[in-house]
Amino acid sequence: MEKKTDFRQFQKPVEGVLTAFLARPFSWRITARVADVRWVTPNLLTVSSLILGLVGCLIWLKGTWVFAVTGTIIFHLGYILDCSDGELARYRGIESRFGEALDPIFDRILEFALIFCATFLVIHDSSDFFWYYVGSWAVAVNFLYEYIDLW
């Protein structure tokens, strides 16, 4: 008889509300499915999350309601994979400095892409460059906050 593992135990103990309710209920299920698939590595999940997130942003830029919903769903799937990568690493008991560095770098890239796309869409719809400055400051403040948080 096969021993069942509760993969929720490999989640981070403290998280935001959105992550706790919109990502983790799915991420541990993905982790459980790929846990014993040797070619699926935490870094592969990290790279996959970046690709899905960027594809979601590009689809979002089409500017219609249908593309916005589709892009958001794809972006969110990437976020769920981003949660799974750490769970998989903790489950397997593996750590890598490369993986630890890669994850936050990819997170910042996706945050930048999301803010850029939102700013672009607002400018495209309104032609008001005030929103360009708001978006630029949002990106700058986000990067500054994350830089300080990392140190």
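Residues numbered from 1 in each chain as written. Predicted model: local features only at pLDDT ≥ 70, side-chain atom pairs only at ≥ 80, totals over all residues. Heavy atoms only, no water.

Draft legend 1. Quick peek at the side chain of Arg92. With respect to the helices and strands, Arg92 occurs in helix H4 (residues 65–92). Buried within the structure, Arg92 lacks any salt-bridge partner; its nearest side chain of opposite charge belongs to Asp36, at an N-O separation of 6.2 Å. Look past the residues within four positions of Arg92 in its chain and what remains in contact with it is Val34, Ala35, Val37, Arg38, Val40, Thr41 and Pro42. (Helix = DSSP H or I, 4+ residues; strand = E, 2+ residues; numbered from the N terminus. Buried < 20%, exposed > 50% of the residue type's maximum accessible area, 1.4 Å probe, protein only. Lys, Arg positive; Asp, Glu negative; His and termini not counted. Salt bridge = Lys/Arg side-chain N within 4 Å of Asp/Glu carboxyl O. Contact = heavy atoms within 4.5 Å.)

Draft legend 2. Focus on the confidence of the model for the protein. Looking at the protein, pLDDT values average 82 and 83% of them are 70 or higher. Confidence, read as mean pLDDT per element, is least for helix H6 (residues 130–150) in the protein (70) and greatest for helix H3 (residues 42–60) (95). (pLDDT = per-residue confidence, 0-100.)

Draft legend 3. Examining a nonpolar patch on the surface more closely. On the surface, a nonpolar cluster with roughly 530 Å² of combined accessible area is contributed by Trp65, Val66, Val69, Ile73 and Leu77. Here Val69 lies in helix H4. (Patch = residues over 30% accessible without salt bridge, like charges linked within 9 Å, V, L, I, M, F, W, Y side chains within 5 Å. Areas by Shrake-Rupley, 256 points an atom, 1.4 Å probe, with all protein chains shown as cover.)

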